[in-house]
Each structure stands twice: as structure tokens, then as C-alpha cells.
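Structural description and commentary
These are the residues of each chain, in order.
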Amino acid sequence: MLRKELDRERAAGRTVGLVPTMGALHPGHAALIARAAAECDVTAVTIFVNPLQFAAGEDLSRYPRNLDADLELATAAGAALVFAPPVEEMFPGGRSATVVHVAGLSDGLEGASRPSHFDGVATVVARLFNLAGPARAYFGEKDFQQLAVVRRMASDLGIPVTVVGCRTVRDHDGVAWSSRNGYLSADERAAAPVLVRALEAGAEAVAGPGRERAAGEVRRLMARIVAAEPLALLDYAELVDAETLTPLDVIAPGAEIRLLLAAWVGGTRLIDNVGVTAP
């Protein structure tokens, strides 16, 4: 159905924007949809809680689902079509027998903490891209490693989809919008800005007057800031090359860098990142 509808639009000369999501839509998703609608003639939003990217013991069963609210937000943001398939339609037989693995980019950072996660992401996004056909697909930079994995997967497999990265949308206190923010208690939500404070301090260390060149010092600075928040427990604080995601030892002048953090705030695992160019 999705391919038939979008092929009809393309046959009429219209361009297609695609915004893949797992639902629980929020202002970050709305920004992706609005950008797609501004740059393309027709925007399709997909809503699919992908079981392949949840490991045993993760939050698949309690992941928020509210299709009516999602449809309202998507339509208001500019979506012309919403595709919300059941698991049986996405994976006939219950699960995919074919798994897409993007070597290198999938292995560190989130891949180290969640070993099967990006195989699940790449597999389902490859299927969605093939169901949708030629399009521009919009992903947020908040999930920066996911963006890199999807971009490499589409390029390596020759899928006719242009992957567009969009800036992270943040709440009033700097916290990156995430569907999992809804899990946080009031006290945990008040503690959550520690991630963006640590990232901003790391970026200032790299690009500010001190111009720190030792990546280890920046990692330790970010870790100390997270450790000072009693409700937060650091998973990782990392500096990587923005294109290859290779961890850095020395920060070279002019280097394009991503600072990435993952931390548990109470019982909820949050991730965030910022980009910085070394002077």
C-alpha cells in the first residue's frame, strides 16, 4: 500500500519525504516532519515499534504507544500519509530472517551497550526504504550513531533514498526531546539537564580559549559533571571523529568532532550529543 501510494505521487512529478519513527511523537518528530514537508511535495511518516532493536530485558513492552495522538501531531506538522503497519506486515513469519549489519559504525558506543540494536535498526529501515521507494528520509541528530549507520547502509546497498540529518530539538532546559523522557519522574526530569551541561562543558573545553587537545581530559571533564548529579549514572562519555565515529586520542586543529554521552537517570537510559569544530 505504501509503495503504491508513493509511486502514484512520484508518477505525478511530486517529490517524497519520508520520516521513519517508532511513534510516541514529540516536538522533535514534529520538526522532522515539518522540514520534510517544507522540502518535499508529499511527506509520509512511518510509525512502527521495531522489536528487532530491543534486546531481552529492554523496554519493548512498555514503550509508549498512542496512535491517535501520533496521527494528530503528524498531520498538524505536515504529513500527508501515515503508515503504521503491524509486525506481521513488516516481518511476515514474525521476524526477519535477513539481518543487515553495518560493520564498524554499529560496534562501539550504543553498539557496545546494546549489541544487537543497530542490526535491528538497519534491518527495519532498509525494509521501510524499499517499501517507500525513492525519497528523502529525515532523521534527527539526537541519535547520531543511528544517523551514521542508516546513511552508510543506504549508500552501501545502493538504496535510492537520500538520508537527511536534522538538528536536535531541545526542551526549554536544553534536554533533547526523546520518547523515553516520559519515563522520568519529576526529580529525574529535573536531573536530566546534566547531560547537556556536560556536553556543553566538553565543547567549550575543545573550542574555547583553553583549546584542550587531549581527548581523555575532555572525557574526564564530562564524566565528572555527570558524576556530580546523584540521580545520574554514566554509561559512556566519548569524543569521536564526526564521520567515522572513531574515538580520538588527540584533538587535531580543524577536526570535526562529536561529543556523545549516555547515562542512566533513575531507571531510564538517555543519550545526547553535540558537534564541535576544533579551532
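The following refers to the structure shown. In this text the structure is predicted, and so the values were computed from the model without any measurement.

So, how was this worked out
Residues numbered from 1 in each chain as written. Predicted model: local features only at pLDDT ≥ 70, side-chain atom pairs only at ≥ 80, totals over all residues. Heavy atoms only, no water. Helix = DSSP H or I, 4+ residues; strand = E, 2+ residues; numbered from the N terminus. Buried < 20%, exposed > 50% of the residue type's maximum accessible area, 1.4 Å probe, protein only. Polar contact = N/O pair within 3.5 Å; in protein donor to acceptor, adjacent residues only side chain to side chain. Phe/Tyr/Trp six-rings, centres within 6.5 Å; stacked < 30°, edge-to-face > 60°. Pairing = 2+ DSSP bridges. Axes fitted to C-alpha atoms, helices over the stretch in contact; angles between N-to-C directions. Expected span 1.5 Å × (residues − 1). Contact = heavy atoms within 4.5 Å. Salt bridge = Lys/Arg side-chain N within 4 Å of Asp/Glu carboxyl O.

**Observations regarding the side chain of Asn273**
With respect to the element layout, Asn273 can be found in strand 8 (residues 268-277). Residue Asn273 is classed as buried on the basis of its relative accessible area of 2%. Within the structure, the side chain of Asn273 is placed 3.0 Å from the backbone oxygen of Lys142, a separation counted as a polar contact. One polar contact links Asn273 to Arg258, side chain to side chain, over a distance of 2.5 Å.

**Overview of the packing of aromatic side chains**
Evaluated as defined, the whole model comprises three aromatic pairs. Plain terms: the ring middles of Phe129 and Phe139 are 6.3 Å apart, the flat faces sit at 75° to each other, and that makes the pair edge-to-face. Placement of Phe129 in helix 6 (residues 117-132) and of Phe139 in strand 4 (residues 135-140) is noted, with a sequence separation of 10 residues between them. With respect to class, Phe129 is no different from Phe139; both count as buried.

**Let's talk about the sheet that holds strand 8**
An order of 6-7-8 is seen for the three strands of this open sheet, with the pairing classed as antiparallel. What marks the edges here is a single partner per strand, and that holds for strand 6 (232-241) and strand 8. Between one strand axis and the next, the sheet turns through 15° on average, direction left out of account. Judged from the 10 bridges that link them, strand 7 (residues 256-265) and strand 8 form a sheet pairing that is antiparallel.

**Some words on helix 7 (residues 144-156)**
Given a rise of 1.5 Å per residue, 13 residues ought to cover 18 Å, and the 18 Å separating the end C-alpha atoms of helix 7 matches this to within 8%. Within the sequence span of helix 7, burial applies to Phe144, Gln145, Gln146, Leu147, Ala148, Val149, Val150, Met153 and Ala154. If you follow the buried residues of helix 7, they end up packed against helix 5 (110-113), helix 6, strand 4, strand 5 (161-166), strand 7 and strand 8.

**Points about the pattern of salt bridges**
This structure, assessed with the given rule, holds 17 salt bridges. Salt-bridge contacts for Asp235 lead to Arg269; the nearest nitrogen and oxygen are separated by 2.9 Å. Within this pair, whereas Asp235 is found in strand 6, its partner Arg269 is found in strand 8, the two being separated by 34 residues in sequence. Salt bridges sharing common partners tie together Arg3, Asp7 and Arg10.

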